[in-house]
Each structure stands twice: as C-alpha cells, then as structure tokens.
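The primary structure of each chain is shown beneath.
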Amino acid sequence: MDDVEKAILISFDESGTLDSGLKSQAVNFCQRIKETPSICTLCIEKLCFCKLVQVQFWCLQTLHEVIRVKYGSMSLEEKNFIRKSVFSMACLERIDDKLCAVLESPTFIKNKLTQVLVTLVYFEYPLIWSSVFVDFLPHLSKGAVVIDMFSRLLNALDDELISLDYPRTSEEVAVAGRVKDAMRQQCVAQIVRAWYDIVSMYRNSDPEICTTVLDCMRRYISWIDIGLIVNDAFIPLLFELILLDGLSEQLRGAAAGCVLAVVSKRMDAQSKLTLLKSLQISRVFGLISDDNDSDLVLRVAALITGYAVEVLESSKRLNSEDAKVVSMELLDEVLPTVFYVMQNCEMDATFSIVQFLSGYVATMKTLSPLQEKQMLHISHILEVIRTQIRYDPMYRNNLDVLDKIGMEEEDRMVEFRKDLFVLLRNVGRVAPEVTQIFIRNSFASAIASSSDRNVEEVEAALSLLYALGESVTDEAMRAGTGLLSELVTNLLSTRFPCHSNRVVALVYLETITRYMKFVQENAQYIPLVLAAFLDERGIHHPNINVSRRASYLFMRVVKLLKSKLLLFIETILQSLQDVVARFTSMNFACKEPSGSEDGAHIFEAIGLLIGMEDVPLEKQSDYLSSLLTPLCQQVEAMLMNAKILTPEEYPLKIANIQQIIVAINALSKGFSERLATASRPAIGHMFKQTLDVLLQILVVFPRVEPLRTKVLSFIHRMVDTLGASVFPYLPKALEQLLAESEPKEMVGFLLLLNQLICKFSTLVHDILEEVFPAIAGRIFSAIRRIADSSGPEANTEEIRELLELQKTLYTFLHVITTHNLSSVFLSPKSRGYLTSIMQLLLHTSCHHKDINTRKACVQIFIRLIKDWCARPYGEEKVPGFQSFMIETFATNCCLYSVLDKSFEFGDANTLILFGEIVLAQKVMYEKFGDDFLVHFVSKGFPSAHCPQNLVEQYCQKLKGSDIKALRSFYQSLIENLRLQQNGSLVFR
C-alpha cells in the first residue's frame, strides 16, 4: 500500500480512533495530489490495481470532478485515455492487459463509474464520442454484470440530464435535446432490440436483470418512437410477463410499468384511442386480488387507473360520435375495476381519485337521460366517496376525546374531504335520485352496522347527507323534493347507539341545522328538532364540545323558526332550566369558570324566544324577571363583597361576573327598541335597572380590563335596545370608562361614541361636548409616542395599539363632522386642541400610507369648510381657518401630495381620493372665492413650474360647473407637471 492509498484510507476513516492532526494531513495530501497534472492517469491506474473501495470511490469521485471542471483545458490525448479506460471498465475489457475489478465492487462504486460515463456523454456525445451506445451493445453478451452496467448508464443519463422531473438549466435542456435527437437517429432501435432479446433470454434464468432492464426501458418510452414498443413482438411479451403466474412479482410489475408508460405516452387523441383499444387491457383485471399490498397488485392498479385516465382524456379531446362511443365502451369496461382499486388498494401518488371521477362526472352532464350502466357507475362513485370520507376506527378514541392525534386527524380529514364533497354535489346534480337513494341506503346500513364499525359508518352517512344539503336549492329543500322529505324524517326520528360519540353527535346536529328550511315549511317536525337539541343528543350531551356547539346551533335554529316556536316556549325553558340555573343560582359563583362566552348562545336563544311581541306582556315580564333578577342579585352580592375577596377567590369572581354580563348581553339581543321603549316600556325599565347594576362594576373594579370591555359591550347593546332613553346613564358611564382607559380600551370607547353619533346625531351634542376635551387630551398625548418611535422598537405591541387608536380617531373625527357636530371642536374647552387636530388631519391627508384614511381626512376638511365658512365673505367663524386652508392645506394636499410619484393614478382607491381633493378645491373656490384662486395659482403653481396656459385653463375649469371635466383636466395637468419636473420637485 503506497502513500496515496494510505492517505485516502485515513481521510475516509470514521472510527474516531485516529489523531485529528493526522487525518487533516491526509486530507490535505489528497487535495494536493488532485492538483497534479497526472491525476487522471493515477486514478485509472489505482482503479485497475487496487481493490480497496475507499480508494476506488476517491478515484472515481476525483475523475468526475476533473472532467466536470477541467474538460475544456484537457489535451486530446488525455481525453482519449480517460474515455477508453472508463469505457473498458464499464464493459469488462482489459486495460493494459489488466482486467479492472470495478464491476465486482459494491453498488455505490458502480454508480460512481456511471456518473463519470454520463459526464463524458454530456461533453462528447454525439460530436466526439458518437459510438458510445453502439459500442456498448456487443458487450451485453458478457452477461448480467455488463447488462446491469448498461442499464445504470441509461438510468443515470435519464436522472442527470433527460428527465423533466428535475429542474434543469437552459444549457442542460439544450444538451438533453441534442443527446435524445442523436440517440433516436443512431441507436434507439438497436437498444430496444437488445432490451427485447435480454428479457426474452433471461426471463426464467435471471428475472432480476430482466426487471432492471424493463425499469430502465420504462423511462425511455416517453420520448422514443412508440412503434418500437407497440408492435407484434414487444406488447405480447410484456403482457405475457404480466400474466405469467410463475414469474417473480418484481418482473411482472416492471412489465406493467412499461405498459403504463406506453399508455401515458403523449400523442394525438385518435391515435391514443386506437392504441388503448388495441391493448385489450381487460386481461389484467383478474390480477387485482384481495392481496392488495403486493407490489404486483399496486403496479397493475396503477396501470389500470392510468389507462382509465387516458381513455377519459381522449374522449374529451375527440368530437366524432364514433370516437365517443369507443371511449365510453372502454370506460364502461375499465371503470368497475377502477372503482374496486379506489376502495381497496393503496393509490399511486400521481393519480387523483377526485380529479378523475370529477372528469368522468363532467362527461355525464351532456348525457340525458343516463343509461343503466352509467347509473351503476354513479352508484360506484358514491360508494368510493363514502369509503374515502370514512374515518379509520383506529382513531375513534382520539377523535372522541380530541387529543393531539385526534385534532390532527380531524384537520386532515376536513381538508381531504373538501374535494370529495364537491364531487358529491356534482354527482347530486347529474343524478339526484340515485344520489338520494344511495344516501338513504347508507343511512340504513350504517344504523344496522356492527358496533366495531358503527361510529365511522354513521358519521360518514351523516356527512354525506350534510354535503348533499349544500347542493339542494332552497325551493327543493322547502318542498322536500324527491327523497329529501324521507331523508330528513329518518334523520330526525333516528336514535343512533353511538350518539355519545363526539364526531357523530356534532355532524348529526350540523345536518339537522342544514335542513332547517325543510322544517320551516313542515312545522310537524319541530318537536323532533327541539328534542334533538334539548336532550342528551345536543345541549345535554356529556361532551362539553358537543353541548357548546349544540347551544350555538340551537340559537341559529331559534332565529330561523322564531314565531313558529311560540307554542313551545314553556317546553324549551323547562328543558333549559338546569343550563340557565348554572348562571342564575346563587352557588354559581363557587363553580369553576369555563370560557366567559359559555352560555351566551343559550341566553341569546331564550332572548329571541321571549322577546317576541307575540308573547303576552305579563308572561314576557315574568320570563325576563326570572332571568335578570337573580343574575343582577349575584352581581350586586359580588360587588358588595369585593373588598373582602381573597387572592384565590378574586380571579374566579371576576370570571363569574364576566359570564353574567355576557349572558345578560346575549339575552337582550332578542328585544327590539320598539318593544322596550314604545309598546312595552316595562321591559325597557327592567333593562335600565340592569344597566344601573352593571355600571357599578366600573366603580368597584375600575382597573379590571376584561370587565370594563364586557360592560362597554353591554352599553353598546343598551343603545340599540333602549334608544334615547339610555341618555341619563351615559354621562356616568362615559366618565367611568374614560377615567382608567388604556389606548386599547380607548378604541372601544371611541366606537361607542361613533355608535351614539350615528344613531342619535345632534342629540348627543351636549354629551360629546362634555367628553371631547378629555378624549382629545388623552389621545394626542398617547399618539405622540408613535412619532417618537422608529426602527425595530416601532413594531411593539404598544405601538400597534397606538396605531389602531389613531386609525379609530380618524373615523371618530369623520363621524363627528359628517353628523353636523363640528361645533364641538369650537367649544371653549375643546378649542385648545383645534391646532393639533388640524395639523394631524393635514399631515395625514398628504402622507398617510393608507389611501382610505387620507380620503377620510380630505372629506373632514371639505365638511369643515362648509360648516365654518359663510359665503360670500361673512364673518369668520373660526379665525385663521380660512388662511390655513388657503395657504397650507391647498398647496400641500391639493398640489404637492398629488405631484409626488407615490400618488398612483392607476390605483382605484387613489383615484377616489383624487376626486375628493378636486372637490375640496371646488368647495374652497365656492367659499373663499378669488382669495383661494389667486393664492393657489400665484404661489402653488409657480413652485411646480406650471406653464401659464395651463394655469389659465385650470382657472376656467374651476369656475365652471362640470366637476368631472375639472377632475379630468387636473389629472392631466398633474401628469404633465410630473413629466416636466421628472421628480425633481422637493415637497414640503
């Protein structure tokens, strides 16, 4: 062993026993050897005389690198030597009378030799080394070792260069084209002949080498002349191999892979259809057996599904009646086996069941009426859908308790089912009756199924019925067209043994809700619906997830049926007594709180029921009192004991109060303003008393943000329910809310004021005038921090909250001005903030990145001009406002901001903003006359170097009455000025 071999062995050592310094020396030594001019000769010499696999690998790796990197600078003599030597190794030829042992080495060495050969083909075929493939063929007679090497060469050529399954550079694509063209012309026919001879000769003696050859051939079928394979010799041989029972499964599977490649080859539709028909594919159907996991069955399954896809594609592309008939006959023949494969075999990854079936169903849309065979196929498709959407029983417990595995499986199935349900709806449209019969039968068989499959069968049947409901029109649903009436009746009257299971209970309730329009028209089913929601199948289900969802769905059902439930109010309230008692009983406060929204849907449903005007006043009062009184008593008791709460009790009591407010809030949604204020003021009085109690929470717990948020939400509700009669409560409420509010809460506070202004307009003037100074002071102090922050610290939670507050402030100011309340800004206490408001609005209207916010600010200015500036030349209501608008707003917003190239006329929202800016100029001219116009054209336009003729045209358009013409002219004017300035104008 010489130094080179020693160094290679040391550099490859992974034992960890060698000194790291020695290993480093060895690696450096090997690297220096690579740089020597005679490296290729050295590598080939070592490959001939050394049997150490590390040395062989290093030499082949080095050869590959040298050829790839230095090929252009090699001498002809060196290239010839490498080519001859490497080829001799691959063909078991002697090099200098020495037989190279590389082909006796492990697979990874042979693959490395192949890589070197492919690199030579890349650079030299066909211009320099034109005979590489032809020269290989005579050596195939040396047996399996050379045949294997030849197959490796072709496979590596496909992987490294030809196959489009990998991303390629444009140079690689060009080389691949050159190689394929030359091979087609020169040697493909001979290679195919060799494949045929090898498989024929070795099929019994060496099935492994035949499998290797066929797997290689499969790769090449897509681009060689199909006539070389589709002929009286090769196709019969392939089918013989597939069908012969005694042969190895791998060889039979490889033959099936070749036939699939033939079937998938691109060609014109008519030729493809003729080819598909000639294959007589039905002879392989019998191979699809109960042993669905075997390699052969999977390969044949892939062949059959691939064949079916190609038949379907051909039928779509052909228009002649004869071709349609042939393609339908072939589909009719193959589909039963395809359906079996879909339900019983592991599918090939490239085959999409839904895509194929959707394509087939689409062909049926043109056929009317459907024939018996097609009806049968529809039934099979429905069976496939049912099989595919069914959960695996192994996940039953995970799904029931909804642990991590259960959640993952449920999420996966929700996603997986989407396309299948689209397919179901399409089938339902093509063959509604068949679909409904199938679902009815699925329902019946699911109920009768054994307990080990019962849950999954029932869940799948219910899911089918639910999905069907999505495709049924409202009219058909109401009328119970076809079997719908029977299906819904069965649904409502059936009690499943597996109803305690979470997934079954949920889909059952969702499905009932889906068909409520039918129940709306068929009131006789209402008792069954109520029973399903109110007993242990729904709200009283032992699983908390089911009972919560049932509460929400029940609320939706009540909304829909409402007046039809009048006769059932007593029954419903009786059934919900225990649920309501969890909130109204005095020991409720001791219980563990769940989510603060718990019970909200039940109380909303009750509110919708008892809030109807059809309920007699006395009963309505009793119902409402029986709910509000205990809830308010609990709040009062907790408020009284607030100071003596222990640290352990405190969070629990806060959560309890939150839940009570949520419950009362939800309850009030059922009561209209008309009922609470006009027709039945006694009801309104009860809500006022409740409001009085809940406002005390703000006094006792002034700094508990969740409680403040909930009370604020309730005030929103009371504005809707009590109307103007809420006014006496507002000053105290607003004062308390404003006292401790953080920026995040301030947003909610402004939203409440927006609601009040939008509902009552100028009636809230006094209230708004009272709170506005405090609001302005608080907000301007807070949003100053936005301007002070920049860089990474500008993206904190606090800054995001302040930006949200600023955004809400713009809306608030917009709402004030558009509801005739701008005089609030001018009150003695608010006037001090006027300059800050004007500067903020000006900066925002010119520079804010959100176009809609800029538009709102321009609209505020337009409104203020109209409110504060009399015409002609009346007394100035707000001293300095007119000059601010003329000298600052007009030039900065109406001219400089639109001249900036960031102002994109191609954007729809920007165009709307531009329209408002033009309108602002029109309004300023109407209110300020020549004061505005003279300043704008004498100070603004000259700074933008506007030509005099355009200035005159602007004046003309502004004085005219056509606002559209003014906008159009001003846009072209700005675009012209931009071109003229070429972005050189410096904006203030």
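Residues numbered from 1 in each chain as written. Predicted model: local features only at pLDDT ≥ 70, side-chain atom pairs only at ≥ 80, totals over all residues. Heavy atoms only, no water.

Student: Teacher, can you tell me more about the overall build of the protein chain here?
Tutor: Of the regular secondary structure elements, the protein chain holds 47 helices and 2 strands. Expressed along its principal axes, the backbone C-alpha trace of the protein chain runs to roughly 115 × 85 × 75 Å. Burial status across the protein chain gives 53% buried among its 988 residues. Taking all contacts inside the protein chain whose residues are at least 6 apart in sequence as the whole, residues at least 24 apart take part in 73%. As presented, the protein chain carries roughly 44600 Å² of accessible surface, and 52% of it is formed by carbon and sulfur atoms. Across the protein chain, the mean location of the 100 positive side-chain charges is 5 Å away from that of the 117 negative side-chain charges. (Helix = DSSP H or I, 4+ residues; strand = E, 2+ residues; numbered from the N terminus. Buried < 20%, exposed > 50% of the residue type's maximum accessible area, 1.4 Å probe, protein only. Contact = heavy atoms within 4.5 Å. Areas by Shrake-Rupley, 256 points an atom, 1.4 Å probe, with all protein chains shown as cover. Lys, Arg positive; Asp, Glu negative; His and termini not counted. Charge placed at Lys NZ, Arg CZ, Asp CG, Glu CD.)

Student: Sorry if this is basic, but what is going on with the layout of surface pockets here?
Tutor: To find leftover empty space, one rolls a probe the size of a water molecule over the atoms. Here the second largest pocket is characterised by a volume of approximately 610 Å³. Lining the second largest pocket are 20 residues, with Ile786, Leu803, Gln806, Tyr810 and His848 positioned closest to its centre. Every element with two or more residues in the lining of the second largest pocket is listed here: helix H39 (765-788), helix H40 (797-818) and helix H41 (834-847). For the lining of the second largest pocket, the element with the most residues is H41, which contributes 6 residues. Here the lining of the second largest pocket is composed, by residue class, of 7 nonpolar, 8 polar and 5 charged. (1 Å grid on protein atoms, 1.4 Å probe; cavity = no way out; pocket = protein on both sides within 12 Å on 5 of 7 lines; lining within 4 Å. Points joined across faces, edges and corners; volume = space filled by probe spheres on them. Nonpolar A, V, L, I, M, F, W, Y, C, P; charged D, E, K, R; others polar.)

Student: I tried to follow the nonpolar core on my own but got confused; where do I start?
Tutor: A general trend in soluble globular proteins is that nonpolar side chains are found buried together. Core analysis: the largest hydrophobic core is formed by 370 residues, its most contacted members being Phe133, Met183, Tyr954 and Tyr970. It is helix H43 (residues 881-899) that contributes the most residues to this core, 12 residues altogether. For this core, the two domains that each supply at least three residues are domain 1 (1-105) and domain 2 (566-740). (Core = buried A, V, L, I, M, F, W, Y, C linked by side-chain atoms within 4.5 Å. Domains from an automatic or database assignment.)

Student: How should I be thinking about unusual backbone geometry in this particular structure?
Tutor: Negative phi characterises most residues that are not glycine, and trans characterises most peptide bonds. The residue after Tyr125, namely Pro126, is reached through a cis peptide bond having omega 0°. With respect to the element layout, Pro126 can be found in the loop between helix H6 (107-124) and helix H7 (132-136). With a phi close to 60°, Asn820 is a non-glycine residue in the positive phi region. Structurally, Asn820 can be placed in the loop between H40 and H41.

Student: Any chance you could explain the environment of Gln25 here in plain terms?
Tutor: Relative to the helices and strands, Gln25 is located in helix H2 (residues 20-34). The exposed category is assigned to Gln25, whose relative accessible area is 54%. In this structure, the C-alpha to C-alpha distance between Gln25 and Ser11, residues 14 residues apart in sequence, is 8.5 Å.

Student: Explain the UniProt feature "domain: Exportin-1/Importin-beta-like" (unreviewed entry) in the protein chain here, please?
Tutor: Residues annotated in UniProt with the feature "domain: Exportin-1/Importin-beta-like" (unreviewed entry) correspond here to residues 106-258. Helix makes up 71% of residues 106-258 and strand 0%, and the two end C-alpha atoms of the span are 28 Å apart. (UniProt positions renumbered as here; feature names shortened; annotations may be inferred.)

Student: Can you help me understand the packing of aromatic side chains in this one?
Tutor: Each aromatic ring pair is described using two quantities: the centre-to-centre distance and the angle formed by the ring planes. Considering all chains together, one arrives at 33 aromatic pairs under this definition. Measuring from centroid to centroid gives 5.0 Å for Phe136 and Phe150, while their planes differ by 40°, and the two rings are tilted. Pair noted here: Phe136 is in helix H7 and Phe150 is in helix H8 (residues 144-162), with a separation of 14 residues, a long-range link. Among the residues examined, Phe150 registers a relative accessible area of 3% and is labelled buried. Members of the aromatic cluster, connected to one another through ring pairs, are Phe903, Phe905, Phe914, Phe932, Phe936, Phe941, Tyr954 and Tyr970. (Phe/Tyr/Trp six-rings, centres within 6.5 Å; stacked < 30°, edge-to-face > 60°.)

Student: Could you clarify how one ought to interpret the environment of Gly960 in this entry?
Tutor: Residue placement: Gly960 occurs in the loop between helix H46 (948-959) and helix H47 (963-981). Judged by its relative accessible area of 25%, Gly960 falls in the partly exposed class.

Student: Help me understand the confidence of the model for the protein chain in this model?
Tutor: Low-confidence regions, as indicated by low pLDDT, have predicted coordinates that should not be scrutinised in detail. Of the residues in the protein chain, 95% reach a pLDDT of 70 or more, and the chain-wide mean stands at 90. For residues 588-593, every residue scores under 50 in pLDDT, and the model assigns this stretch 19 contacts once sequence neighbours within four places are set aside. Contacts for the low-pLDDT stretch residues 983-988, under 50 throughout, to residues beyond four places or in other chains number 12 contacts. (pLDDT = per-residue confidence, 0-100.)

Student: Teacher, can you tell me more about the domain arrangement of the protein chain here?
Tutor: Quoted interface sizes are often the accessible area lost when the parts come together. When cut into domains, the protein chain gives domain 1 (1-105) and domain 2 (566-740). Each of domain 1 and domain 2 has a C-alpha centre, and the two are 86 Å apart.

Student: For this particular structure, what's the right way to read the pattern of salt bridges?
Tutor: When the charged atoms of two side chains with opposite charge come close together, those side chains can pair. Applying the stated criterion across every chain yields a total of 41 salt bridges. The residue Asp197 makes a salt bridge to Arg193 at a minimum N-O spacing of 3.2 Å. Of this pair, Asp197 and Arg193 both sit in helix H10 (residues 188-202), separated by 4 residues, roughly a single helical turn. According to the relative accessible area criterion, Asp197 is partly exposed, its value standing at 32%. We note a salt bridge from Arg478 to Glu521, for which the minimum N-O separation is 4.0 Å. With Arg478 in helix H23 (residues 474-479) and Glu521 in helix H26 (residues 516-521), this pair connects stretches of sequence that are 43 residues apart. (Salt bridge = Lys/Arg side-chain N within 4 Å of Asp/Glu carboxyl O.)

Student: Whenever I open this one, the packing of helix H9 (residues 170-186) against H10 confuses me. Can you help?
Tutor: To characterise two packed helices, one gives the angle between the axes of the helices and the distance between these axes. At their nearest, the axes of H9 and H10 sit 5 Å apart, and the two run at 70° to each other. Considering their axes alone, H9 and H10 lie roughly perpendicular with respect to each other. Each of Met183, Arg184 and Gln186 in H9 lies in contact with H10, whose residues at this interface are Val188, Gln190 and Ile191. Considered class by class, the residues forming the contact of H9 with H10 number 3 nonpolar, 2 polar and 1 charged. (Axes fitted to C-alpha atoms, helices over the stretch in contact; angles between N-to-C directions. Parallel < 35°, antiparallel > 145°, perpendicular 65-115°, else oblique.)

Student: Would you mind going over the packing of helix H35 (residues 681-700) against helix H37 (residues 730-739) with me for this structure?
Tutor: Running from N to C, H35 and H37 point in directions that differ by 25°, and their axes come no closer than 9 Å. As summarised for this structure, H35 and H37 are arranged roughly parallel, according to the angle between their axes. Crossing hand, H35 versus H37: left-handed. The residues of H37 that touch H35, namely those facing Asp692, Leu695, Gln696, Leu698 and Val699, are Lys732, Ala733, Gln736 and Leu737. (Left-handed = near helix turned anticlockwise from the far one by under 90°.)

Student: Help me understand the side chain of Asn155, please; the structure alone is not making it clear to me.
Tutor: Position of Asn155 among the secondary structure elements: in helix H8. A relative accessible area of 18% means that Asn155 is categorised as buried. Among residues more than four places away in sequence, those in contact with Asn155 are Cys216, Arg219 and Tyr220.

Student: When you look at H2 in this model, what are you seeing that I'm missing?
Tutor: Residues that lie three or four places apart on an α-helix share one face, since the helix turns once every 3.6 residues. Look at H2: 21 Å from first C-alpha to last across 15 residues, which is about the 21 Å you get at 1.5 Å a residue. The elements touched by buried residues of H2 are helix H1 (3-12), helix H3 (39-49) and helix H4 (53-70). Between the side-chain oxygen at the start of H2 and the backbone nitrogen of Gly21 there is a gap of 3.2 Å, and the oxygen is on Asp19. (Expected span 1.5 Å × (residues − 1). Polar contact = N/O pair within 3.5 Å; in protein donor to acceptor, adjacent residues only side chain to side chain.)

Student: What's the story with the side chain of Thr511 in this structure? I'm lost.
Tutor: Within the secondary structure layout, Thr511 lies in helix H25 (residues 502-514). Thr511 sits in the buried class, given a relative accessible area of 0%. Filtering out sequence-adjacent residues up to four positions away, Thr511 remains in contact with Leu462, Leu465, Tyr466 and Leu491.

Student: Help me understand the environment of Thr888, please; the structure alone is not making it clear to me.
Tutor: Tracing the sequence through the fold places Thr888 in helix H43. For Thr888, a relative accessible area of 24% translates into the label partly exposed. The spatial distance from the C-alpha of Thr888 to the C-alpha of Ser289 is 86 Å, given a sequence separation of 599 residues. What Thr888 contacts, discounting residues up to four positions off in sequence, is Leu842, Ser883 and Cys893.

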